[in-house]
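Here is what each chain is made of, one letter per residue.
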Amino acid sequence: MDVTLTTPALLFPTVSLLMLAYTNRFLTLASIIRNLHEKYKTDQDENLLGQITNLRYRIYLIRNMQIVGVLSLLFCVISMFALFAGWTLGGNWSFGIALILMILSMLISLRELQVSVGALDLLLMDMEEHEKFG
């Protein structure tokens, strides 16, 4: 397969959209964590601790998704530079690494989605408990 200068450029819109989605997830979680922190100060409920633990893990996952996504973009740029300079082998390898990093970033994103269901499950269990006893 011939990798030209425009081939790595195809990942730029994808990476930009993914990074925007990751940032939105992070900002939403940050807001939820701030609200839970205030709520925990007034009502030290065990369920809140479970939610906070889950959110902490999700924040770390999102941070890793962003780091790997930025590295993917960096390797795209390196690939484009190498191809521009005529270093075809280096450009191909850099582009391959960028693709692998993008796959890794999306796999971490899938894991974060799985964990987010766990946070909602905690809330549902709490509601069920209140329904049974309340």
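Reading the values: the criteria
Every residue gets a number counted from 1 within its own chain, in the order that chain's sequence is written. Where local features are concerned, this predicted model is filtered to residues with pLDDT of at least 70; where side-chain atom pairs are given and counted, the filter is 80 or more; whole-chain, interface and lining totals use all residues. Hydrogen atoms and water are omitted, and side-chain values are computed over all heavy atoms in the structure. In DSSP terms, a helix is any run of H or I states spanning at least four residues, a strand is any run of E spanning at least two, and both are numbered starting from the N terminus. Computation of the radius of gyration draws on C-alpha atoms alone. For the globule rule, the value is 2.2 Å times the number of residues to the power 0.38. Pairs were defined over the aromatic rings of Phe, Tyr and Trp, the Trp ring being its six-membered one, requiring ring centres within 6.5 Å. Orientation was assigned from the angle between planes: stacked under 30 degrees, edge-to-face over 60, tilted for the rest. Here the term buried applies to any residue with accessible area under 20% of the maximum for its type, exposed to any over 50%, and partly exposed to those in between, with areas from a 1.4 Å probe on protein chains only. Throughout, nonpolar core names a set of buried Ala, Val, Leu, Ile, Met, Phe, Trp, Tyr and Cys residues whose side chains join them through atoms within 4.5 Å. Between two residues, a contact is recorded if the distance between any of their heavy atoms is within 4.5 Å.

(A) The overall build of the chain, seen in detail. A count of helical and extended segments in the chain gives four helices and zero strands. When the helices and strands of the chain are listed from N to C terminus, the series reads α-α-α-α. For the chain, whose C-alpha radius of gyration is 21 Å, the value lies well above the compact-globule estimate of 14 Å for 134 residues. With the C-alpha coordinates of the chain rotated into their principal frame, the extents come out at 70 × 25 × 20 Å.

(B) Expanded view of the packing of aromatic side chains. Tallying each qualifying case throughout the model produces one aromatic pair. Considering the side-chain rings of F81 and W87, the 5.8 Å spacing of their centres and the 70 degrees angle between planes classify their relative orientation as edge-to-face. Overall, F81 belongs to the exposed group, its relative accessible area being 51%.

(C) Layout of the nonpolar core. Ranked by size, the top nonpolar core spans 22 residues in total, and within it L11, V15, L29, M65 and I108 carry the most contacts. Elements with a minimum of two residues in this core: α2 (11-42), α3 (46-85) and α4 (88-133). Broken down by element, this core gets its largest block of residues, nine residues, from α3. If we skip the residues at most four places from it in the chain, I108 touches L61, N64, M65 and V68.

(D) Fine view of the side chain of N54. When you line up the elements, N54 lands in helix α3. Under the relative-accessibility criterion, N54 is labelled buried at 13%. Contacts of N54, omitting those with residues within four sequence positions, involve V115, G118 and A119.

(E) Region of the structure containing the environment of V115. Within the secondary structure, V115 is located in helix α4. The exposure class of V115 is buried, given its relative accessible area of 8%. Not counting chain neighbours up to four residues away, the residues in contact with V115 comprise N54, Y57, R58 and L61.

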